[in-house]
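Structural characterization, general
Residues per chain, in single letters:
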Amino acid sequence: MTRAVVVGSGPNGLAAAIRLAQRGVTVRVLEARDTIGGGTRSGERTLPGLLHDDCSAIHPTGVASPFLRTLGLEAYGLRWRWPSAELAHPLDSGAAGVLWRDVDRTAASLPRADGRAWRRVFGPMSRRFDRLAEDLLGPPLHVPAAPLSFAGFGARAVLPASWTARRWRGEQARALFGGVAAHAFSSLRTPFSSAVGLLLTAAGHAHGWPVAEGGSQAVTTAMARLLGRLGGTVETGVEVADLGQLDRPDLVLLDVGPRAAAGILGDRLPRRTARAYRRYRYGPAAFKVDLAVEGGVPWTNEHCRSAGTVHLGGTFEEIAAAEEATVRGRMPGRPFVLVGQQYLADPSRSAGDLHPVYAYAHVPHGYRGDATGAVLDQIERFAPGFRARVRARSVRTVERLATDNANQVGGDIVGGANSVGQLLLRPRPAVDPYATGVPGVYLCSAATPPGAGVHGMAGFHAAESALRHLAAR
């Protein structure tokens, strides 16, 4: 009987475990923490009865994942919930760019010329998104499922986000796209910086930006239940520091970062792979502030009051300047801030008129300062009177993020710098990026393609690579 051990219980580790178990492999998942989930955990952080997400919160690629969609996780307790508006991006003028799932509604909310341009870019992409997702969330080397759509996406994705933003003249559309592109935690002036913005916007039009009812933890809880149904097991409180701790399983899949993998594998790693893993670069960090807010956030723009996600950063040029500063290791005066209002789609997270508000700022890698004031200032900027409504707060500094989750090195929550080289060739240049060079051992974290997101696709592809190895033995 073939045996496998998966180290780490984030969505990628659990996806790898499920895929192996589906193929008859006996699987054990080992998690160092007392609870499963990696960055996909939830809990009370401010006041009793208010449920906050630890890291991942909004799930456009989760609901659109080609693998997760096949699993029937609804039978194991997962319920997706959608807000009235997927995303809003307010401006100082009081206007806002608003992303609705309906492309036409989004386009109609923009000035006429910008609306036509928005529809031209995202209309075809969102209509064909499910087939396109197979390619965008697939391994680097594969035969495209939708070659023409994939080529069209690639031609746009290669451009800097600053060039793509020129398609729109008005500030609403430009800022709306810029805020989504900023999810890459990278400069918006470099090649390929349009990719994340195009992907997440198209996913929003195709499937929305939903939350998981009962907190993001519900995603990994459902996956663990399915794994149990398939005969797999999960053990918490087990830290793996060396491959020798394991009882010689046939396969080992590591849902850890490259540097951690190098530590676990030690001298077993081929020299070139070890050097690449140890040189792997991490990007800017997140500084997280969870808030208990009475009556919700008093946004000036009414659409922000119904949006599950609100991006704060002002104009496209302001966002680009702030992101450039964080990439270069400087703390901007007005950082890009993401606000999550998950309770609008999932009222079970609130307690009466007290609501959990999720926020984080983009800050430099390893930032040692306190960005709490900067986060609150950005919210107050677009919601005057907000501070007076805050009843409690919980701050997670960059250092605390890295301590709570070993994969968040230096506070990087996306698994590595999205520079041009690493975006295309992560975690190292290789035909099979999941193979470590140690027989039977594979890397399946967000440091492998297709990168960050609660989609489980890195785990799925790593498991497929491992299964091909078994078949070739």
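Refer to the structure presented above.
The text that follows walks through the structure, step by step, so that each part is easy to find. Because the structure is a prediction, the values reported are computed rather than measured.

Focus: the overall build of the protein chain
Scanning the protein chain from N- to C-terminus turns up 17 helices and 16 strands. Computed over its C-alpha atoms, the radius of gyration of the protein chain comes to 21 Å, within 12% of the 23 Å expected for a compact globule of 473 residues. By principal-axis analysis of the C-alpha atoms, the protein chain measures approximately 65 × 50 × 45 Å. Taking all 473 residues of the protein chain together, 61% fall into the buried category. For the protein chain, the share of sequence-separated contacts (at least 6 apart) that also reach a separation of at least 24 residues comes to 74%. Here the protein chain displays about 18100 Å² of accessible surface, and carbon together with sulfur accounts for 50% of that area. Charged side chains in the protein chain number 54 positive and 40 negative. The centres of these two groups are separated by 6 Å.

Here we look at the sheet that holds strand β1 (residues 3-7)
With parallel pairing, the five strands of this open sheet are ordered in space as β9-β2-β1-β10-β16. Every other strand in the sheet has two partners, leaving β9 (233-236) and β16 (441-443) as the edge strands with one partner each. Across the sheet, the mean angle separating the axes of adjacent strands is 20 degrees when strand polarity is ignored. Across five bridges, β1 lies against strand β2 (residues 26-31) in parallel orientation. Paired with arginine 3 across the bridge in β2 is threonine 26. Along the sheet, helix α17 (residues 457-472) makes contact with β10 (251-254) and β16, crossing β10 at roughly 160 degrees.

Describing the packing of aromatic side chains
Where two aromatic rings form a pair, the distance of their centres and the angle of their planes describe that pair. Applying the stated criterion across every chain, the model contains eight aromatic pairs. Ring centres of tryptophan 118 and phenylalanine 122 lie 4.7 Å apart, and the angle between their planes is 50 degrees; this geometry places the pair in the tilted category. Of this pair, tryptophan 118 and phenylalanine 122 both sit in helix α4 (residues 112-127), four residues apart, which is roughly one turn of that helix. Their ring planes at 75 degrees and their centres at 5.9 Å tell us that tyrosine 358 and tyrosine 360 sit as a pair that is edge-to-face. In this structure, tyrosine 358 and tyrosine 360 share a single accessibility class: buried. A connected cluster of aromatic rings, assembled from ring pairs, spans Trp118, Phe122, Trp168 and Phe177.

What about the layout of surface pockets?
There is about 260 Å³ of room inside the second largest pocket. Lining the second largest pocket are 13 residues, with Arg272, Ala276, Pro427, Arg428 and Pro429 positioned closest to its centre. Ranked by the residues each element gives to the lining of the second largest pocket, the list is headed by helix α12 (residues 271-278), at four residues. Here the lining of the second largest pocket is built from residues that sort into five nonpolar, three polar and five charged.

Re helix α14 (residues 372-382)
With eight of its eleven residues buried, α14 lies for the most part within the structure. For α14, the set of buried residues is Thr372, Ala374, Val375, Leu376, Gln378, Ile379, Arg381 and Phe382.

Remarks on the pattern of salt bridges
This model, assessed by the stated rule, comprises 20 salt bridges. When the shortest N-O distance is used, the salt bridge between arginine 81 and glutamate 213 registers 3.0 Å. With arginine 81 in strand β5 (residues 80-81) and glutamate 213 in the loop between β8 (211-212) and α10 (217-229), the pair connects residues that are 132 residues apart, well separated along the chain. Note that arginine 119 is salt-bridged to aspartate 104, the shortest N-O span being 2.9 Å. Here the residue arginine 119 occupies a position in helix α4, and aspartate 104 occupies one in helix α3 (residues 103-108), the gap between them amounting to 15 residues. Using a relative accessible area of 34% as the deciding quantity, one classes arginine 119 as partly exposed. In this structure aspartate 104 comes out as partly exposed when scored by relative accessible area, which is 46%. Ionic contacts of the salt-bridge type, sharing partners, join the residues Asp92, Glu318, Arg334 and Arg381 into one network.

The rules behind the values
Residues numbered from 1 in each chain as written. Predicted model: local features only at pLDDT ≥ 70, side-chain atom pairs only at ≥ 80, totals over all residues. Heavy atoms only, no water. Helix = DSSP H or I, 4+ residues; strand = E, 2+ residues; numbered from the N terminus. Rg over C-alpha atoms; globule rule 2.2 N^0.38 Å. Buried < 20%, exposed > 50% of the residue type's maximum accessible area, 1.4 Å probe, protein only. Contact = heavy atoms within 4.5 Å. Areas by Shrake-Rupley, 256 points an atom, 1.4 Å probe, with all protein chains shown as cover. Lys, Arg positive; Asp, Glu negative; His and termini not counted. Charge placed at Lys NZ, Arg CZ, Asp CG, Glu CD. Pairing = 2+ DSSP bridges. Axes fitted to C-alpha atoms, helices over the stretch in contact; angles between N-to-C directions. Phe/Tyr/Trp six-rings, centres within 6.5 Å; stacked < 30°, edge-to-face > 60°. 1 Å grid on protein atoms, 1.4 Å probe; cavity = no way out; pocket = protein on both sides within 12 Å on 5 of 7 lines; lining within 4 Å. Points joined across faces, edges and corners; volume = space filled by probe spheres on them. Nonpolar A, V, L, I, M, F, W, Y, C, P; charged D, E, K, R; others polar. Salt bridge = Lys/Arg side-chain N within 4 Å of Asp/Glu carboxyl O.

Everything listed is a geometric property; what it means functionally is a separate question.
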